[in-house]
Amino acid sequence: YKLSVSPEMDIMEYCRKEWRGNTPAAKRMRKGYEAVAQKFASIRRIRGDNYCAFRATLFQALSQATQLPRWLQSEDFAMLPENLLSKYDWIKQWQLRQKPGKRMGEISDEIKEYLILLRKKWKNISEIKGPLEKQEACDKLFKNEEEEYSLYEALKFLMLNTAIELYNAEKSGRRVPVFSWLLFARDTSSNPCQLMHNHLNHIGHSGGLEQVEMFLLAYALQYTIQVYRLYKYSTDEFITLYPNDPEEDWPVVTLITEDDRHYNIPVRMCQETVL
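Per chain, residue numbering runs from 1 following the sequence as it is written. For this predicted model, a pLDDT threshold of at least 70 governs which residues receive local features, and a threshold of 80 or more governs which side-chain atom pairs are given and counted, while totals over whole chains, interfaces and linings are taken from all residues. With hydrogens and water stripped out, all remaining heavy atoms of the structure feed into the side-chain values.

Here the focus is the UniProt feature "site: Linear diubiquitin binding" (unreviewed entry) in the protein chain. UniProt positions are given in the numbering used here, feature names are shortened, and annotations may be inferred rather than shown by experiment. Cross-referencing UniProt, the feature "site: Linear diubiquitin binding" (unreviewed entry) maps to E237 in the present numbering. To qualify as a helix, a DSSP run of H or I must reach at least 4 residues; to qualify as a strand, a run of E must reach at least 2; elements of each kind are numbered from the N terminus. Relative to the assigned elements, E237 resides in the loop between β3 (224-229) and β4 (239-242). Those residues in contact with E237 that sit more than four places away from it in its chain are R229 and K232. Polar contacts, as counted here, are pairs of nitrogen or oxygen atoms within 3.5 Å of one another; within protein the pair requires one atom able to donate a hydrogen and one able to accept it, and residues that are adjacent in sequence qualify only if both atoms are side-chain atoms. A polar contact of 3.4 Å, which involves the side chain of E237, links it to the side chain of R229. Contact definition: two residues touch when any of their heavy atoms are within 4.5 Å.

Moving on to the sheet that holds strand β2 (residues 40-44). In this scheme, strands are said to pair when DSSP sees at least two bridges between them. Taken in spatial order, the six strands of this open sheet run β1-β2-β6-β5-β3-β4, and their pairing is mixed. The sheet is open, and its two edges are formed by β1 (9-10) and β4, each paired on a single side. Relative to strand β6 (residues 263-269), β2 runs antiparallel, the two being bridged by four bridges. When the sheet's bridge partners are listed, S42 is paired in β6 with V267. Relative to the sheet, helix α2 (residues 24-37) contacts β2, β3, β5 (252-257) and β6, its axis offset from that of β2 by approximately 120 degrees. Helix axes are fitted to C-alpha atoms over the stretch in contact, other axes to C-alpha atoms as well, and angles between N-to-C directions run from 0 to 180 degrees.

This part is about the nonpolar core. Here the nonpolar core consists of buried residues drawn from Ala, Val, Leu, Ile, Met, Phe, Trp, Tyr and Cys, with membership extended through side-chain atoms lying within 4.5 Å. Buried residues are those whose accessible area, probed at 1.4 Å on protein chains only, stays under 20% of the maximum for their type, while exposed residues exceed 50% and partly exposed ones sit between those limits. Judged by nonpolar contacts, the single largest core of 75 residues is most densely connected at L118 and W122. A total of 13 residues in this core trace back to one element, the largest contributor, which is helix α8 (residues 145-171). Sequence-distant contacts of W122, that is, excluding residues within four places in its chain, are made with L58, A61, L62, A65, Q67, L68, P69, W71, L72, L221 and Y223. Counting 13 residues, the second largest nonpolar core, distinct from the first, contains M12, I43, L230 and I256.

Burial of β3 is extensive: six of the six residues sit out of reach of the surface. Across the two faces of β3 the burial is the same, with T224, Q226 and Y228 and I225, V227 and R229 all buried. The sheet contact formed by β3 and β5 spans six bridges and is parallel. What sits directly across from Y228, in β5, is I256. As defined by bridge partners, β3 adjoins β4 across four bridges and the pair is classed as antiparallel. Residue Q226 lies in a different strand from β4, and its bridge partner there is L241.

Right, let's talk about helix α3 (residues 52-63) for a bit. What a helix should span is 1.5 Å times the count of its residues minus one. The terminal C-alpha atoms of α3, which comprises twelve residues, lie 16 Å apart, in line with the 16 Å expected from a rise of 1.5 Å per residue. With twelve of its twelve residues buried, α3 lies for the most part within the structure. Among the residues of α3, those classed as buried are C52, A53, F54, R55, A56, T57, L58, F59, Q60, A61, L62 and S63.

The next point concerns the packing of helix α9 (residues 178-185) against helix α11 (residues 211-221). Contact geometry for α9 and α11: axes closest at 9 Å, N-to-C directions at 130 degrees. Taken as axis vectors, α9 and α11 run oblique relative to one another. Pair α9 / α11 crosses with left-handed handedness. Contacts between α9 and α11 involve F179, L182 and L183 from the former and V212, E213, F215, L216 and Y219 from the latter. Gly is put with the polar residues, along with every residue not named as nonpolar or charged; the nonpolar set is Ala, Val, Leu, Ile, Met, Phe, Trp, Tyr, Cys and Pro, and the charged set is Asp, Glu, Lys and Arg. Here the contact of α9 with α11 is composed, by residue class, of seven nonpolar, no polar and one charged. For classification purposes, an angle smaller than 35 degrees is called roughly parallel, one larger than 145 roughly antiparallel, one from 65 to 115 roughly perpendicular, and anything else oblique. Put simply, a crossing is left-handed when the front helix is turned counterclockwise from the back one by less than a right angle, and right-handed when it is turned clockwise.

Nonpolar side chains collect at one region of the surface, where V178, W181 and L182 lie side by side and expose about 330 Å² of accessible area between them. By the secondary structure assignment, W181 is in helix α9. In this analysis, a patch consists of residues with relative accessible area above 30% that form no salt bridge, clustered at 9 Å for like charges and at 5 Å for the nonpolar side chains Val, Leu, Ile, Met, Phe, Trp and Tyr. We get accessible surface area from the Shrake-Rupley algorithm with a probe of 1.4 Å; when it comes to residues, only the shown protein chains can shield them. Salt bridge criterion: a side-chain nitrogen from Lys or Arg within 4 Å of a carboxyl oxygen from Asp or Glu.

To continue, consider the confidence of the model for the protein chain. Taken over all residues, the pLDDT of the protein chain has a mean of 92, while the share at 70 or more is 95%. The pLDDT value expresses, per residue, how confident the predictor is, ranging between 0 and 100. The spread of mean pLDDT over the elements of the protein chain runs between helix α6 (residues 104-126), the lowest at 89, and β3, the highest at 98.

For Phe, Tyr and Trp, rings pair up if their centres lie within 6.5 Å, where Trp contributes its six-membered ring, and each pair is then called stacked (planes under 30 degrees apart), edge-to-face (over 60) or tilted (otherwise). Per the counting criterion, the structure on display carries 19 aromatic pairs. Considering the side-chain rings of Y233 and F238, the 5.2 Å spacing of their centres and the 85 degrees angle between planes classify their relative orientation as edge-to-face. One aromatic cluster is present, built from ring pairs that chain together F179, F215, Y219, Y242 and W250.

Burial analysis of β5 places five of its six residues in the buried class, which makes it a mostly covered element. Bridge analysis of β5 against β6 gives two bridges, and the strand direction is antiparallel. Across the sheet, the residue bridging to T257 is Y263, located in β6. Counting the residues between successive antiparallel strands, the hairpin from β5 to β6 contains five residues, one of them, D260, with a positive phi of roughly 65 degrees.

This is how it looks when you write it as structure tokens:
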């Protein structure tokens, strides 16, 4: 049995264990971890199975949630699969993780259940006042594989919905963020249907999130995802924000990556030391 989110470990202790050599890469990683350790005391390892970007982002968002995001409060939130299916027949080819090959016409109800589960869990955890109890509730949720993967299905579907909104906005001449052009400039995702077939349907199975999809996830959740990209230490990409021009009222979650493929999470912000 693999833990989805491992217990806390001192960041520098973790770094010393992982990066012992004297290669330029190891030195850069150590410098990167030292910089993260200025802000955070500990690290929690995230299970790596092509869902790690979802897992790290959602865990961080829930463990600091104090209220239900606006988009989760809307009346017709749970009607999303039905509403989209009525407009876009191709969504029937959506692949569910647990049920590959099952047709979307039959699974619209299941995605609706996943969206309702996401709202319920977010609401329950955000209402817990004590930080310890909140952490325990998150740990418990991320030990329940059935629920955990259902939440990732919900996130993927929200990403598809966001992609459709952005695509339609650009087609009708409205301003869209730069990443949206990049998303649809790829040969493999020139429209939302291709994005679903060639990318979203594969997340968790044969691949994780590419960088441009990190932007899409951030927009779908209306969260700023701040990532320490350790191999970019001492460049201006060391700390990357998705999106890079975030809305001021979006909450921020922080992740760590060594290679833009696997993500871990820093925890326990250090008290700012006054010199």
